[in-house]
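# Descriptive structure summary
In case you want the letters, here they are:
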Amino acid sequence: MESILFRMKLKGVINEDEEDVYRFGLECLLLEMIHYSSYIVISFILKMTIPMLVSAMVLIPLRRKSGGYHARTRGGCYLFSCTIVIVVCLLNKIIFPLWLSIITLLLSNVIVIALAPVENENRSLDQTEWKKFRKQALVILVIADVAVIISYIADWVIFQWLLNGVVIAAQLTLLGKLQTKCK
């Protein structure tokens, strides 16, 4: 990390005043790479890499816009995130009855519509940001719902994987709301 910063300063890409900002950004990038690499390894071990990636196409953007549960430490975040990946991989191995899929999709929609975006201690939103994140979360939710419905009608195997991305994002949104209420 320090050698990268040193080289960036040496080449004139950044100056001394910006060093802390770039250090923070590089640390975040490194942590994201560790997280995502771990998720791929977990899904590979569980033989669920493609299903996990499909679920993640819904889960990650919806989670970023709707907010949700946050662990208090970096280590806790990592362990919780890896646990979520395991849960998604295991859920993706199960084909649920249509009636249960419909109910969980509807309940998940209600949760996101009612609660998104959920703020946390690391991200408080002013009114403009709140409206923007809410609109983006709802647009992602509608797109995900349409993808779930189309994939079901087309009898594609990804139907359940997409649905699981919505369901887990909604559960994390609900957990985040409960977390902020308990403080």
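Residues numbered from 1 in each chain as written. Predicted model: local features only at pLDDT ≥ 70, side-chain atom pairs only at ≥ 80, totals over all residues. Heavy atoms only, no water.

## Description of the overall build of the protein chain
Put simply, the test is: Comment: elements are numbered from the N terminus, with helices defined as DSSP H or I runs of at least four residues and strands as E runs of at least two. For every residue, the accessible area (1.4 Å probe, protein chains only) is compared with the maximum for its type, and the residue is labelled buried under 20%, exposed over 50%, or partly exposed between those bounds. By definition in these notes, contact holds between two residues if any of their heavy atoms fall within 4.5 Å. We count Lys and Arg on the positive side and Asp and Glu on the negative side, and we leave His and both chain ends out. Just so you know, the charge point we use is NZ for Lys, CZ for Arg, CG for Asp and CD for Glu.
Assigned secondary structure in the protein chain consists of seven helices and zero strands. Along the chain direction, N to C, the helices and strands of the protein chain fall in the order α-α-α-α-α-α-α. Projected onto its principal axes, the C-alpha positions of the protein chain cover 60 × 40 × 30 Å. Out of the 183 residues belonging to the protein chain, those deemed buried represent 37%. A sequence separation of at least 24 residues applies to 76% of the contacts in the protein chain between residues at least 6 apart. Measuring between centres, the 19 positive side-chain charges of the protein chain sit 8 Å from its 14 negative side-chain charges.

## What to know about the packing of helix α3 (residues 49–66) against helix α6 (residues 127–153)
Operational definition: For helices, the axis comes from a line fit to the C-alpha atoms of the stretch in contact; other axes are also lines fit to C-alpha atoms, and the angle between any two N-to-C directions lies between 0 and 180 degrees. Orientation categories follow fixed angle ranges, with anything under 35 degrees roughly parallel, anything over 145 roughly antiparallel, 65 to 115 roughly perpendicular, and all other angles oblique. By convention, the crossing between two helices is left-handed when the near helix turns anticlockwise from the far helix through less than a right angle, and right-handed when the turn is clockwise. Charged means Asp, Glu, Lys or Arg here, nonpolar means Ala, Val, Leu, Ile, Met, Phe, Trp, Tyr, Cys or Pro, and polar covers whatever is left, Gly included.
For the pair α3 and α6, the least separation of the axes is 8 Å and the interaxial angle reads 155 degrees. Viewed along their axes, α3 and α6 adopt a mutual orientation that is roughly antiparallel. The handedness of the crossing between α3 and α6 comes out as left-handed. Between α3 and α6, the contacting residues are V58, P61, L62, R64, K65 and S66 on the first element and F133, Q136, A137, I140, L141 and A144 on the second. Its residues assigned to classes, the contact of α3 with α6 comprises eight nonpolar, two polar and two charged.

## Description of the packing of aromatic side chains
Selection rule: Two rings from Phe, Tyr or Trp (for Trp, the six-membered ring) form a pair when their centres are within 6.5 Å of each other. A pair whose planes differ by under 30 degrees is stacked, one over 60 is edge-to-face, and the rest are tilted.
According to the stated counting rule, one finds three aromatic pairs in the structure shown. With a centroid separation of 5.6 Å and an interplanar angle of 85 degrees, the aromatic rings of Y36 and Y39 are classed as edge-to-face. Of the two residues, Y36 and Y39 are both situated in helix α2 (residues 19–45); the distance of three residues between them amounts to about one turn of the helix. We classify Y36 as partly exposed; its relative accessible area is 32%.

## Side note on unusual backbone geometry
In this chain, A116 is followed by P117 through a cis amide linkage whose omega measures -5 degrees. With respect to the helices, strands and loops of the structure, P117 is situated in the loop between α5 (98–115) and α6. You will see that D155, though not glycine, has its phi angle at about 60 degrees, which is positive. By the element assignment, D155 lies in the loop between α6 and α7 (158–181).

By themselves, these are just geometric observations and shouldn't be taken as functional.
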